[in-house]
Amino acid sequence: MTLIADATTPVHIRRPRQSPGAKIVKVLTTTDHKTIGLLYLTTSFIFFLLAGGMAEIIRAELAQPGLQVVSPEQYNQLFTMHGTIMMFLFAPPAAYGFANFIMPLQIGAPDMSFPRLNAFSYWLYLFGGITVLSGFLTPEGAASFGWFAYAPLSSNEFSSGLALDFWVLGLGVAEVGAIAAAVEIIIGILKMRAPGMTLSRLPLFAWAMLVTAFMILFAFTPLIVGSLLLELDRGFHTQFFNVEQGGSVLLWQHLFWIFGHPEVYIQFLPAAGIVSMVLPVFARRKIAGYTWLVGAFVAIGFLSFGLWAHHMFAVGLPPLVLSFFAAASLVIGIPAGVQVFAWLATIWSGKPVWNTAFLFVLGFLVIFVIGGITGIMVAAVPFDLQAHDTYFVVAHLHYVLIGGVGFPIFAGIYYWWPKYTGRLLDERLGKLSFWLLFIGVNVTFFPMHIVGLLGMPRRVYTYPSGLGWEVWNMISTAGVFLILPGILLFIANIIYSKRRGAPAGADPWGGDTLEWAVPSPPLDHGWSVLPIVHSRHPLWDQAAVSEGDPKLERFVEALAQWPLRWRAALIVRTTDALPEEVFRVAGPSVWPFVTAIGVVTIFAAELLKLRLGALAGALVVVAGAIGWNWPERPPIEEEEELAFEREHGVPVRAGGSDVVAQWGMGLSILFVAIAFASFLLTYFYLRLENDVWPPAGIAEPNGRLFAVSAALAIAGVVAAHVAVRRIRLGDERGLRLSLAGTLAFGSAAMALQIISFSRLEFGGTDHAYGSIFFTLGGFCFGVLGVALIMGAMTLVWGYRHALTPRRHVTASNTARFWAAAVTVWLIGFATLYLGPYLT
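Residues numbered from 1 in each chain as written. Predicted model: local features only at pLDDT ≥ 70, side-chain atom pairs only at ≥ 80, totals over all residues. Heavy atoms only, no water.

Colleague: Even after reading the chapter, I still don't get the sheet that holds strand β1 (residues 568–572), so can you show me in this structure?
Modeller: Whether parallel or antiparallel, the strands of a sheet pair through hydrogen bonds between backbone atoms. Sheet architecture is open: three strands sit in the order β1-β2-β3, paired in mixed fashion. Edge strands, defined here as strands with exactly one partner in the open sheet, are β1 and β3 (652–653). Here strand β2 (residues 579–584) pairs with β3 via two bridges, running parallel. Across the sheet, the residue bridging to F583 is R653, located in β3. Strands in contact with helix α21 (residues 658–689) are β1, β2 and β3; relative to β2, the strand with the most contacts, it is inclined by about 90°. (Pairing = 2+ DSSP bridges. Helix = DSSP H or I, 4+ residues; strand = E, 2+ residues; numbered from the N terminus. Contact = heavy atoms within 4.5 Å. Axes fitted to C-alpha atoms, helices over the stretch in contact; angles between N-to-C directions.)

Structure (C-alpha cells):
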C-alpha cells in the first residue's frame, strides 16, 4: 500500500488558473479545512498587526510625562481595542487556524466532522471582528471602557452612543463562532482519528486542542450570557447591573471572569501543544513525560475554572472566599511546572538543532517562566492588594501572553509553513527576527514590573514627573520599537518564501507525526488511503504508516477504492480507535455564509434599533439552517451500504453519520445546559443580593397554568420518542402522527405560558426581579421554540420519505433535543414560580 504521494520528494502540483470571480465564489462556499485554517491564520494575523499598531501609539504616549500624541479619550479607545483584539480576535482564532489546517492531517482524517459548521464559525469570527472595529466609525469613536467592560462604566450613563454596542454585539457574534469551532474540534479529535490512533497515541497538539475546545464551551457561554444581559440593560433598559433597582455590578465581574481567567489558558494550552510538537523534532528525541503532559493539560483545564475571583481580590469578597481562590491560583502552577520540566528534560537529553522554530521555543520558555513566577506573586492576596491595577500586572499579563502564546505561534508558523506552502522560510531572516522580538519583548515589559512596584497605575494616559517613572517608561517605549522591525522582518520572510523560498518536500524536518507523510502543500483530500497507527511517533517508529493489522489493511484499501463521487470519511471508537462507521462528509455550500449573514443582520438590527430588521435576520438564519441541513439524496443505495457492511463489519451512512450527528446534538445540548446554568446563576445571585424578593409592590407570580403546561411539554417528549420508535419499525405514518402530536403538545404548552406571562403585573424594566424573570422565561421559550422548529423540519422530511429505519438520525436528534428543551422548561419555570419562596 502507498500513501497519496511519496513522502520523500517535493510535490509540485500545477493547478488551473481561476478568475477572480471564481476565487471569490470558492472562498464563500469552501468547506475545506485547509482553506478555512489559512483564512483563520491570515485574519488573526491582520488583527494582530492592528493591535500592535495601537500598542505603538500607546507606548509613544507614555514615553514621557505630559505628551499629547493622542487625547485622553482616544487613548482609552486604543487600550480598550488593543486588549480586545489580542484577547478575543488574535490568539484563540490563531489556534483554530492551526487546528483546522494541521490537526486533520495529523490525526489521519480527510476533513473535519462538520465542514459547513467549520465554515460558519470562520464567517462569524470575521464578521464579529469587523463589527467590533466598526466602533471607530461612530461619532464618539470606539469603545473606551477597557476590554473587560466593567459595570457601571459600560452602562448608558457612562458609555452612551453606539460604540459599546458595536463592541458587545460584535464580540457576541465572534463568541458564537468560537462555540461552533469548539464543537468541530471536539468531535474531530474524538471520532475522526486514524485507525489505531488510541487516546494514548494522540499527538500532544490534539490533546491540547481537545482540552481547549471543552474549555471554550464552558467559558465562552457564560460570557455570551453576560454580554446579552449587558445589551439588554443598554438597549431594553433592564436592571441587571443597576444597584438602585436590585441589580449588581459584581454580577458582571463574576460572569466575565468565569470566562476571563480560563481564557488565559484557552490561549496558552494550544501554544503548549505547539511547543510539544516542535520541541521533540528539533531536540531529536521523543518528548519526555508524554503522560505527565497530558495530565497537566487536563488539570489546567479543570483548575482554570476555579480561579476567576483571582481578578476580584480587591472588590471586598469575604476572606474565606479569597483564601480559596488564592490557593487555587497557587495550585495551578503545579501542572504548568510539570510542562516546563518535561520540555526541559526533552532538550537536556536530546541533540538540539538550533533553527528558528527551536529558538522561538527557547524564547517561550524563558519569558513564560518569568511570567509564571510573577503569577505566583499576584496569587498571594496581600501582595495582589498592593500590585492590583498597577503596571506590575500589565507586565505579568504580557509576559504570560506574549511569551506563553505569541512565541509558540511564531514557532508553529516556522515549523508548519513548509506544509502550508511547500517552501521553507529563510533561516537568516528568521533568526534575526527572533532576536529582535526576544530582546524587544524583555526591554518593553520587564521595566513595567519595576514601575508598577513604584506605584504607577495601569490605564492612565499620562503621569506626573518626579515620581521615578520616567526612565522606565522611556525604556519600555524603546523596546516596542525593537519589536516593530522584528515583525516587519517576519512579514518580509513570508513574502520572500512565497516567491523564492527553497522547496521543502513533504518532510523537511524529519518529523514524527502524520502531517509530514502527505505532500507539501497537501492535496484537496488529504488522505486518500487512511494511515494505520500503532505508535505515538508513527513516522519514527513504523516502517510504513499504511501497514498494520491485516483486517484493518483490507478495510482501508476497500475504503480507498470507494467511488470519488462522494467524500467518504471514517468514524472510530473513542478509546481504541477501531472503525465504527463510514459516512459522507458534507461538501461545499454557500449556506454557512448566508446563515452567518443572517446572524450579523440580527445583531446589526439591534444596534440600529430596527426590530423588523432583527426579524428579517432571524428568518435568514432559519432559511440558511434549513438549506444547510436539507437532506440530499445519498450517493449510493442502501444495498451497496449493506454489502460493504457485510464484508468489513463497519456500518456505512452515505446519507450522513449517525455517530457524528449524535455527538453534535450532545454538545449542542451541553451548550444549552451551560447557558441555562448561567441564567440560573444570575437568578440566584440576584436573589441572594436582595433581602426582599420580589421587591415590595410586585405581586408574586401565579403559576397555576405552569402545571398544565409542564404536563403538555412532557407529553411532547413522549410523543417525540414514540416517533423514533415508529420509524425504526418502518412505520412512516406512525412517525408523522407522533411528530404532529409533539408539535401540538409543545405549541399548547407554550401558549399557556404566554397567557400566564401576559397576566403578570410587572415588566422586565421595573426591577432586577422583573428583568431576570422575563429573561430566564424568554430563554425557556427560545429553547422550546427551537425544538418546535426541529420537530416541524423532521415532520416535513417524514412526508418527503427521507427517513427510513436505517436513516433516521434526524428524528432521534429531535427527540433528544426535545428532552433537553423540556428539562429546561420545567426547571426554568419552576425556579421563576417557586424562587420567591426560597429563603
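There is more to say after this.
Colleague: Could you clarify how one ought to interpret the packing of helix α4 (residues 115–133) against helix α18 (residues 591–607) in this entry?
Modeller: Packed helix pairs are specified by the crossing angle of their axes together with the interaxial distance, meaning the distance between the axes. Interhelical geometry of α4 versus α18 gives an angle of 30° and a closest axis separation of 8 Å. The pairing of α4 with α18 is recorded here as roughly parallel in orientation. When the axes of α4 and α18 are compared, the crossing they make is right-handed. Residues R116, A119, F120, W123, L124, F127 and T131 of α4 touch α18, and the partners they reach there are P592, F593, T595, A596, I597, V599, V600 and L607. Grouping the constituent residues of the contact of α4 with α18 by class yields twelve nonpolar, two polar and one charged. (Parallel < 35°, antiparallel > 145°, perpendicular 65-115°, else oblique. Left-handed = near helix turned anticlockwise from the far one by under 90°. Nonpolar A, V, L, I, M, F, W, Y, C, P; charged D, E, K, R; others polar.)

Colleague: Teacher, can you tell me more about unusual backbone geometry here?
Modeller: Glycine aside, residues mostly have negative phi angles, and peptide bonds mostly take the trans form. Cis geometry is adopted by the peptide bond preceding P152, which originates at A151 and carries an omega value of 5°. Note on placement: P152 falls in the loop between α4 and α5 (163–191). Residues S520 and P521 are joined by a peptide bond in cis, for which omega reads -5°. Looking at where P521 falls in the secondary structure, it is placed in the loop between α15 (470–500) and α16 (538–541). The backbone phi angle of R284 is positive, close to 60°, even though this residue is not glycine.

Colleague: Which parts of the structure should I look at to understand the pattern of salt bridges?
Modeller: Oppositely charged side chains are able to pair whenever their charged atoms sit close together. Under the criterion given, the structure shown has 14 salt bridges. We note a salt bridge from E580 to K191, for which the minimum N-O separation is 2.8 Å. Of the two residues, E580 is situated in strand β2 and K191 in helix α5; the sequence distance between them amounts to 389 residues. With a relative accessible area of 3%, K191 lands in the buried category. We note a salt bridge from E732 to R736, for which the minimum N-O separation is 3.6 Å. With E732 and R736 both in helix α23 (residues 732–758), this residue pair falls four residues apart, about one helical turn. A single salt-bridge network, built from bridges that share partners, covers E581, E645, R653, D658 and R806. (Salt bridge = Lys/Arg side-chain N within 4 Å of Asp/Glu carboxyl O. Buried < 20%, exposed > 50% of the residue type's maximum accessible area, 1.4 Å probe, protein only.)

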